[in-house]
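Each chain, written out:
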Amino acid sequence: MATTKRTVEVELSTTGVDAQGRPQRVPLAVDESGNVLTLAAPAQIEPELEGEHMLINIGPQHPATHGVLRLVLELDGETVVRCIPHIGYLHCGFEKMGEYRQYNQIIPYTDREDYLNSPGNNVAFALGAEMLFGIEITERCKVLRVMLCEMSRIISHLVWLGTTCIDIGAYTPFLWAFQQREKIYELFEAWIGARLTTTFTRVGGMGADIPDGWLEGLTAFTHNFPKVVDEIDRIITRNGIWVGRTVGLGVMSPEEAVNYGLSGPMVRASGVAFDVRRDFPYLDYETYDFDVPVGTNGDVYDRFLIRMEELRQSTRILEQTIKRLPDGPVNVNDHRVVLPPKSKATSDMESMIHHFKQVMEGPRPPIGECYVAVESPKGEKGYYMVSDGSPKPVRWRIRPPSFVNLSAIPRMVEGHLLSDVIAINASIDIVMGEIDR
Amino acid sequence: MSNDPGKPTFTPVIAGSAIASGDPAGLPVTRKNVAHRGGDVNPSAGALKEAFGAAVRRVDVVWGETTVYVDMARAHDVIQWLHDDASQRYDYLSDVTAVEFRDLEQPIEVVWHLRSLPYRRFIRIKAQIERGQKLEAPSVWDIYRGADWLERECYDMFGLRFVGHPDLRRLLMWEQYKEGYPLRKDFPARGRFSRSEQLRQALAANPEARYSKEELSIADAFEDLPDDMKRRLGTGERVGE
């Protein structure tokens, strides 16, 4: 196991400021007259444990496994010797069902795999299908999609932050994070109509343009949100308990992280600057000004720092999208793939034919295949689609980032304590819907 | 790492040290107006042809992505070379999967998606299995640890055996799953068995009550159990009904 030595300056039990305005440091226990108490641990008799290893089963129904994950652990005392994960409890066969659906009909399935990042998955799938059809989307659509991706990245990281705080024992940041998440969901509701399962992109465009006055809401969010991030930063980044429970856990070296196929914040925490938005750009991400945060130690604490910084960077990208959003149509002007407006479909003969053909048969992409990857909040999310020229894909493969990230958990937890398994598992940011599909 | 797969010296892309990152003109940009066929070929394809000769059967460029068809027997060598060679450095395995076509005359394809993080390249390696041949492919677990679950899932869904994988078991379906391999084209979308039979088998599987012999050996617990419990755990029977 790689050893890490790092120093994080922590604040211990700061309860207020003294007369000079300096933070007051109060010891953990004082008696009525203010004297420091020394707490002696009660004498305990060490039980006879010998060297026998113990089998512990965590999950599948356990709140700290973030879904239906089952970990079978071999313990030596409290130290994990081996970890055998079991998955598949949520397997629904999305890939199989996709082979019986037209491309636009698959989009609802993408909501339900990584359900914290539904709009991001919709965008990823639409990008893949458009590559397969050979469609170039409009400029306005590109910017709107970047908006969707970054908003859902913020949501996903906020849920991660909140639930991880609870796993490790902090409750307040959870409430702050979920309050902000609600603000984005309100924006989604105003634009999309749905909150969790959005199904909002179409092959060749979007379900709808943004409503009037919607951008003001987003501007207000980007204005207020960094303050909340700073506040969460202040309450936990240098908090002694938080630091103590995250530093030095689940360390992956850069070579290992790449070799295990980790992606997203997991690989960046290890010091590898691999970000699909930067290295294999899509949606003109190379024209946005944002930084890719990179960690140094590859432990749980670094993964937390990376995600905090990504919240700020996503806000930066959102500000730029508001400024540059061009006018123009959202959907491509090709009614062989994009449905004509409903009003025309009921009044205009040609539009009705297009509508009928698309709904009953579905548009046909040429024979070919493509692998389109995007940077989802969890990492590299790829859709591999193979077409044989029929309206339904021959193969629709999801490359789930948290599936590959989770597969490294036996490596990450070995040698750590049982209680640290929860922190390490939380740091991977798993969504079982995406892992089991 | 116990048996280090990256034999040559390997430096990951650290922020600010990536090749071509200092030069704004060398930074990658979003692909636009990609042609269906043809276009720029990934230079690694030419290098592969030179290094492996006839084992590289065909190079296709579809939607701007280079696909290299290789002999199944040499697939492992090809991927190992791509990983190790200093001018290629495909150090990241994105995905391992298989494709079966609706036209049952077409061979089943095993697909590896590789990325070279230092050179920012993407390549698709394919090997074909003709009809009637054994469904087997070489495992790349010894090159990329990330292949572990990807290969297990592919085995689970297609019945494709990855030779050399240390622990090839079902991953998403439970171990006693009897219906076959769900992503094969001869597998009906609603399953092979009737709904009631599927339900009966799924309830009887009770995977939480089942520990593998390997897991039970951890605690030496198996030998201490009463005989009937041993028998029930061994068959994965539902306990407590």
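Asks: Explanation requested: the overall build of chain A in the structure shown.
Replies: Looking only at helices and strands, chain A features 17 helices and ten strands. Burial analysis of chain A (437 residues in total) assigns 50% to the buried set.

Asks: Would you explain the sheet that holds strand β1 (residues 56-62) of chain B in this entry?
Replies: Backbone hydrogen bonds hold the strands of a sheet together, and the pairing may be parallel or antiparallel. Residue and element names in this part refer to chain B. Spatially, five strands are ordered β1-β2-β5-β4-β3 in an open sheet, and the strand pairing comes out mixed. A single partner strand is all that each edge strand has here, and the edge strands are β1 and β3 (92-99). When strand polarity is set aside, the average angle formed by the axes of neighbouring strands in this sheet is 20°. Contacting β1, β2 (65-70) and β5 (121-129), helix α1 (residues 43-52) runs over the sheet at an angle of about 175° to β1. Sheet strands touched by helix α2 (residues 75-84): β2, β4 (108-116) and β5. Its angle to β5, the strand with the most contacts, is close to 170°.

Asks: Would you mind showing me how to read helix α2 (residues 103-113) of chain A here?
Replies: Each α-helix turn comprises 3.6 residues. Residues three or four places apart therefore point the same way. All names here are of chain A. For α2, the tally of buried residues reaches eight of eleven residues, placing the bulk of the element in the interior. Every buried residue belonging to α2 is among Tyr-103, Asn-104, Ile-106, Ile-107, Tyr-109, Thr-110, Asp-111 and Glu-113, and all of these are buried. The elements touched by buried residues of α2 are α1 (94-98), α3 (118-133), β6 (201-202), β10 (395-399) and α17 (432-436).

Asks: What's the story with the sheet that holds strand β8 (residues 368-376) of chain A in this structure? I'm lost.
Replies: All names here are of chain A. Pairing in this open sheet of three strands is antiparallel, and the strands run β8-β9-β10 from one edge to the other. For this open sheet the edge positions go to β8 and β10, each flanked by a neighbour on one side alone. Ignoring which end each strand starts from, the neighbouring axes of this sheet average 10° apart. Note: β8 against strand β9 (residues 379-387), nine bridges, orientation antiparallel. Looking at the pairing, Ser-376 lines up with Gly-379 of β9. In the packing of α3 onto the sheet, contacts are made with β8 and β9, and the angle to β8 comes to roughly 155°.

Asks: Honestly, the confidence of the model for chain B in this entry has me stumped. Any pointers?
Replies: Close inspection of predicted coordinates is inappropriate for parts of the model with low pLDDT. This prediction gives chain B a mean pLDDT of 79; 76% of its residues lie at or above 70. Two summary scores accompany this predicted model of the complex, namely pTM at 0.84 and ipTM at 0.83.

What counts and how
Residues numbered from 1 in each chain as written. Chains lettered and ligands numbered in written order. Predicted model: local features only at pLDDT ≥ 70, side-chain atom pairs only at ≥ 80, totals over all residues. Helix = DSSP H or I, 4+ residues; strand = E, 2+ residues; numbered from the N terminus. Buried ≥ 20, exposed ≤ 12 C-beta atoms within 10 Å, placed from the backbone. Pairing = 2+ DSSP bridges. Axes fitted to C-alpha atoms, helices over the stretch in contact; angles between N-to-C directions. Contact = placed C-beta atoms within 7 Å. pLDDT = per-residue confidence, 0-100.

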